[in-house]
Amino acid sequence: MSKRILIVDDSASVRQVAGMALTRAGYEVVEATDGEDGVSKLTGKLNLIISDVNMPRMDGIGFLKAVKAHPGYKFTPVIMLTTEAGEDMKNKGRAAGAKAWITKPFQPQTLLDAVSKLVIA
Amino acid sequence: MSNAAAPLENDSPPNENSATAEFCFETLPIFARQIENVRDQTEQAILALSTRFRGIVTSLDGAVAASQNVSGDGGRELTSAMDEGRQQLLKVVDALTAIRESRAALIGEIRSLGVYTHELQDMAKRVEMIAFNTNMLALNAAIEAAHAGGDVGRGFSVVAQEVRHLATASRETGKVIGQKIAVINDSLTHILGANEKVTERENIAVKDSELRINTVLEQFGGMTERLLGSAEQFRRESEVIKEEVMESMVQLQFQDRTGQILAHVAKSIEELPVVADSLVATGSAADARRAAQDYLAEMANSYTTDEQRRIHEGDTAGAAKPQAAEFF
């Protein structure tokens, strides 16, 4: 059974690139367009979550906190995939429970390597 | 002018400042909306492009998998089927050769029959000779019976006459046997002659079959090789195109960054009239300068990309490069 990954990003083109790379690598992908949409997609099995930081309605750090507060997903690893490269924001992500930080633009292989390293059974 | 050293806000008559500000307040939101429109259009176009690229990559994946089936496992299956076909066709040639050998054995048997028919011919001649000799003896007996005369001579003459009849019948039978054996010999000679022609044609047919089978197999072998070569070349070139398309999709991520930067610029332009109003409302030029610096600092903090920060500081900034993941 393939592993299921949630991608939360307001940029459809980023969701396309990340989604295609993951699907080709055999993962099942669920997409959400912002943090709020991401929270609504916290259902069923999720082996990993990838989230942008700057998004409308609920940003990535707010979404990350919501994930870590959710009893069903607090142990689900989260990778932040963002244009944010500042140390302050990285520290916020680390403090909120992110497992990795990838700065956009990204190479699909970089994302796949990080996913295969962190994805849970 | 006598008031050249006075603050800037006092250089122009109040109604002129007000007209300039009004002009700015009306135009800046237009600029912001234009930028927002460009950002939306770019985003939609990039999304459409990346969706199509994704479709192209998916199609190429299918094409590569199909050509892999031909050049990979399918290619091995094709080669294996060709070998199997070759074996089966060569079995047909073997079967033809076996039939030819069986026929040769049969002909050997027929030739050996020829030896027996010659012996039978001799035996028939000997029967004729014995009948002739018997007839001569019966003739002599009849002569002796006539010399003897009387009842004894007549009785002996009857016996001699019957022996002559038997000898004649035996000689006739011997002749018929000889004739029948001659007919059989003729038939055997005819069969052997016809067989030689059949064998000759059969040899030619077997050699021709072998040649044709090998020619057809070589042609199919060549076609298979060319087909496998084409499939492999197609697969390699498709992989190259796929990698190029995927790399193009990676490059399209620029839209996410430029979109964020443009959205920030548009928002800042939208806010500018309000900010300008608040600066005017501060009263003194020094307060206005401080408020402006606070606003710029706040703006710097609200940036999401490094290039925005560098440009804010007065540096130049090119396109961002992909970086390695950082694990916490």
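Report on the accompanying structure. (Residues numbered from 1 in each chain as written. Chains lettered and ligands numbered in written order. Predicted model: local features only at pLDDT ≥ 70, side-chain atom pairs only at ≥ 80, totals over all residues. Heavy atoms only, no water.)

## Concerning the sheet that holds strand β3 (residues 48-51) of chain A
Note the threshold: Two strands are counted as paired when DSSP detects at least two bridges linking them. Every helix listed is a DSSP run of H or I at least four residues long, and every strand listed is a run of E at least two residues long, numbered separately from the N terminus. By definition, residues are in contact when any of their heavy atoms lie within 4.5 Å. The axes are straight lines fitted to the C-alpha atoms, using for helices just the contacting stretch, and the angles between their N-to-C directions are given from 0 to 180°.
Within the open sheet, the six strands sit side by side as β2(A)-β1(A)-β3(A)-β4(A)-β5(A)-β1(B). Their pairing is mixed. Of all strands in the sheet, those with a lone pairing partner are β2 (28-32) of chain A together with β1 (326-327) of chain B, marking the two edges. Taken together, the four bridges between strand β1 (residues 4-8) of chain A and β3 of chain A define a ladder with parallel strand orientation. Within β3 of chain A, the residue paired with I7 of chain A across the bridge is I50 of chain A. Where helix α3 (residues 60-69) of chain A meets the sheet, it contacts β1, β3 and β4 (78-82) of chain A, and its direction lies at approximately 175° from that of β4 of chain A.

## Brief notes about the pattern of salt bridges
Going by this rule: Within this document, salt bridges are pairs made up of a side-chain nitrogen of Lys or Arg and a carboxyl oxygen of Asp or Glu, the two lying within 4 Å of each other. Buried residues are those whose accessible area, probed at 1.4 Å on protein chains only, stays under 20% of the maximum for their type, while exposed residues exceed 50% and partly exposed ones sit between those limits.
Enumeration over the complete set of coordinates arrives at 27 salt bridges over all chains. Two residues, E87 of chain A and K90 of chain A, come together in a salt bridge whose shortest N-O distance is 3.6 Å. In this pair, E87 of chain A and K90 of chain A both sit in helix α4 (residues 87-96), three residues apart, roughly one turn of the helix. For E87 of chain A, a relative accessible area of 44% gives the class partly exposed. Ionic pairing is found between E232 of chain B and R236 of chain B, a salt bridge with its closest N-O pair at 3.5 Å. Residue E232 of chain B and its partner R236 of chain B are located together in helix α3 (residues 150-251), separated by four residues, close to a single helical turn. On the basis of relative accessibility, which here comes to 46%, the residue R236 of chain B falls in the partly exposed class. In the salt-bridge network here, residues are joined through shared partners; they are D9, D52 and K104 of chain A together with D256 of chain B.

## Overview of the interface of chain B and chain A
A common way to express how large an interface is: the accessible area buried when the components associate. Threshold: Two parts lose some accessible area (1.4 Å probe) when they are put together, and adding that loss for both gives the buried area. In the analysis that follows, any N or O atom pair within 3.5 Å is treated as a polar contact, provided that within protein one partner can donate a hydrogen and the other can accept it, and provided that, for residues neighboring in sequence, both atoms belong to side chains.
Taken together, the 33 residues of chain B in the interface contact 35 residues of chain A. Here chain B meets chain A over a buried area of about 3000 Å², counting both sides, of which 54% is carbon and sulfur. Contact with chain A buries surface across chain B, with R54, Q253 and F328 of chain B losing the most and accounting together for 25% of the total. Applying the counting rule to chain B against chain A returns four salt bridges. A salt bridge links D61 of chain B to R24 of chain A, with the shortest nitrogen-to-oxygen separation between them at 2.2 Å. At the boundary of chain B and chain A, one finds 12 residue pairs in polar contact (both at pLDDT 80 or more).

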